[in-house]
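Commentary on secondary and tertiary structure
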Amino acid sequence: MSYTLFGVNVSPFVRKCRAFMAEKGLVYSHESVNPFQPPANFRQLSPLGRIPALLDGDRAVFDSTAICLYLERCNPAPPLYPSDHYDYARALCLEEYIDSGMLPVAGPLVFRPLVMTPIVTRQPLTKEIKEAALEVVENQLGPMWDYLERQLGGNDYFVADTLSIADIAVASGHVGLWHGGVDPDPLHWPKLSAFLTRMWARPAFVALIAEEQKPWNQRAAVAAV
Ligand SMILES: N[C@@H](CCC(=O)N[C@@H](CS)C(=O)NCC(=O)O)C(=O)O
C-alpha cells in the first residue's frame, strides 16, 4: 500500500483528506499540485482537473468525498463514519453542507479576496474589498453558522458525539476563513467556536495549520486594513 495525495495544502478539500488520513494514522506522500497550473497528464488522475486526487499504488481516485469513503473501506480502523444508518447519512449530509454549501461562498467570496488575491497579485487588500467580504460573512455565512450551532447542540462532535467525517469536514472548511481573520464570534456561536478550537488542537490539524502558516496566515494583514 502506497498512497500519494495530490493538491495544494490550502485547498479545503485537500485539507479534509489530509486530516482524515492523519486521524487514521495513514502514511502518504503529498504532491502539491496547483489545479490552475497542473502537471502534464494530471487529468488522467483527476478527469475534472480538480484537487484532491489520490493514487493508491496505480489506482486513482478523485473527489475528496470519494477519497475519504475509499480510504475508510481500505482502512476501517479507527472508524470515521458512524455505524448507525441514519447517523451515517447525517454525517454525509453535514460533509455536503460544508463542501457544496459553505465552501462555494467562503472560498471565492471571502478567502479569495481577503487572503489569496493579495498574495498572488501582490496588490494590498483595500477597505472596500474587506467590507464586501465581511458583508458576505454576515449575510451568508452567519445563517450557515446558525445551522451548524444548532446541529452541534450540546455535544462535542456533530454526529453520535463521536469523531466522524462530519467534524473533519467542518473543521477543515473553516481554516481558510481563519487565515483571513474570519471566525464565528464565540459570543454568538459559542458551541461552533469552541468546537473549532478543540478540533484545531488535534495533532492532525495542528500539523496541517502549521504547514499553512506561510504564506496563508493573513490575519494580521487583514486586521490592519
Ligand atoms: N467536489 C470536489 C471539489 C474539489 C474542488 O473544487 N477543488 C478546487 C480547489 S479547492 C479545484 O480543484 N478547483 C479547480 C477547478 O475547479 O478547475 C471535491 O470534494 O474534491
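Here's a quick rundown of the structure. Note that the structure is a prediction, hence the values are computed from the model and not measured.

**Some points on the site of the ligand**
Near the ligand you find Ser-11, Pro-12, Phe-13, Pro-35, Phe-36, Arg-50, Ile-51, Pro-52, Asp-63 and Ser-64, and these make up its full shell. A distance of 2.9 Å separates an oxygen atom of the ligand from a polar atom in the backbone of Ile-51. In the environment of the ligand, an oxygen atom lies 2.5 Å from a nitrogen or oxygen atom belonging to the side chain of Ser-64. Within the complex, 72% of the 510 Å² of free accessible area of the ligand lies under protein. Counted by class, the shell around the ligand contains 6 nonpolar, 2 polar and 2 charged residues.

**Some details on the pattern of salt bridges**
Counted under the stated rule, the structure contains 10 salt bridges. Note that Arg-202 and Glu-23 form a salt bridge whose closest N and O atoms lie 2.7 Å from each other. In this pair, Arg-202 sits in the loop between helix H7 (190–200) and helix H8 (203–216) while Glu-23 sits in helix H1 (residues 12–24), placing the two residues 179 residues apart along the sequence. A relative accessible area of 16% means that Glu-23 is categorised as buried. Linking Asp-87 and Arg-90 is a salt bridge whose minimum nitrogen-to-oxygen distance equals 3.5 Å. Placement of both Asp-87 and Arg-90 in helix H4 (residues 85–121) is noted, with a separation of 3 residues, approximately one turn of the helix. Asp-87 gets classed as buried once you look at its relative accessible area, which sits at 17%. Among the residues examined, Arg-90 registers a relative accessible area of 23% and is labelled partly exposed. A single network of salt bridges, built from pairs that share partners, joins Lys-16, Glu-95 and Asp-99.

**Structural notes on the packing of helix H6 (residues 165–179) against H8**
Contact geometry for H6 and H8: axes closest at 11 Å, N-to-C directions at 25 degrees. Taken together, the axes of H6 and H8 are roughly parallel relative to one another. The handedness of the crossing between H6 and H8 is right-handed. Contact with H6, carried on its side by Ile-168, Ala-171, Ser-172, Val-175, Trp-178 and His-179, involves Phe-205, Ile-209, Glu-212, Gln-213 and Trp-216 of H8 and no other residues of that element. Grouping the amino acids of the contact of H6 with H8 by side-chain chemistry returns 7 nonpolar, 3 polar and 1 charged.

**A closer look at the pairing of strand S4 (residues 59–62)**
Sheet analysis places strand S3 (residues 53–56) next to S4, joined by 4 bridges and oriented antiparallel. Among the inter-strand pairings, Asp-56 is bridged to a residue of S4, identified as Arg-59.

**A closer look at the packing of aromatic side chains**
On inspection of all chains with the given rule, the structure shows 8 aromatic pairs. Each ring, one from Phe-6 and one from Phe-42, has its centre 6.4 Å from the other, and the planes form 55 degrees; the classification is tilted. In this pair, Phe-6 sits in strand S1 (residues 3–6) while Phe-42 sits in helix H2 (residues 42–45), placing the two residues 36 residues apart along the sequence. Counting every residue linked through ring pairs, the aromatic cluster contains Phe-20, Tyr-81 and Tyr-88.

**Some remarks on the nonpolar core**
Core analysis: the largest hydrophobic core is formed by 65 residues, its most contacted members being Met-102, Leu-141, Trp-145, Phe-158 and Leu-192. If you tally residues by element for this core, the top one is H4, at 11 residues. In contact with Leu-192, other than residues within four places in its own chain, are Trp-145, Leu-148, Glu-149, Leu-152, Phe-158, Val-170, His-174 and Pro-184.

**A closer look at helix H5 (residues 127–152)**
Note on helix geometry: an α-helix contains 3.6 residues per turn, so any two residues three or four positions apart are oriented the same way. Most pronounced at Leu-141, the bend in H5 amounts to some 45 degrees, and the proline Pro-143 follows within four residues. For H5, every residue scored as buried is listed here: Lys-130, Ala-133, Val-136, Val-137, Leu-141, Gly-142, Met-144, Trp-145, Leu-148, Glu-149 and Leu-152. In this structure, the buried residues of H5 make contact with H4, H6, H7 and helix H9 (219–224). Gly-153 sits one or two residues past H5 and shows a positive phi near 55 degrees.

Reading the values: rules and limits
Residues numbered from 1 in each chain as written. Predicted model: local features only at pLDDT ≥ 70, side-chain atom pairs only at ≥ 80, totals over all residues. Heavy atoms only, no water. Near = heavy atom within 4 Å. Polar contact = N/O pair within 3.5 Å; in protein donor to acceptor, adjacent residues only side chain to side chain. Areas by Shrake-Rupley, 256 points an atom, 1.4 Å probe, with all protein chains shown as cover. Nonpolar A, V, L, I, M, F, W, Y, C, P; charged D, E, K, R; others polar. Salt bridge = Lys/Arg side-chain N within 4 Å of Asp/Glu carboxyl O. Helix = DSSP H or I, 4+ residues; strand = E, 2+ residues; numbered from the N terminus. Buried < 20%, exposed > 50% of the residue type's maximum accessible area, 1.4 Å probe, protein only. Axes fitted to C-alpha atoms, helices over the stretch in contact; angles between N-to-C directions. Parallel < 35°, antiparallel > 145°, perpendicular 65-115°, else oblique. Left-handed = near helix turned anticlockwise from the far one by under 90°. Contact = heavy atoms within 4.5 Å. Pairing = 2+ DSSP bridges. Phe/Tyr/Trp six-rings, centres within 6.5 Å; stacked < 30°, edge-to-face > 60°. Core = buried A, V, L, I, M, F, W, Y, C linked by side-chain atoms within 4.5 Å. Bend = angle between axes of the 7 residues up to and from the residue.

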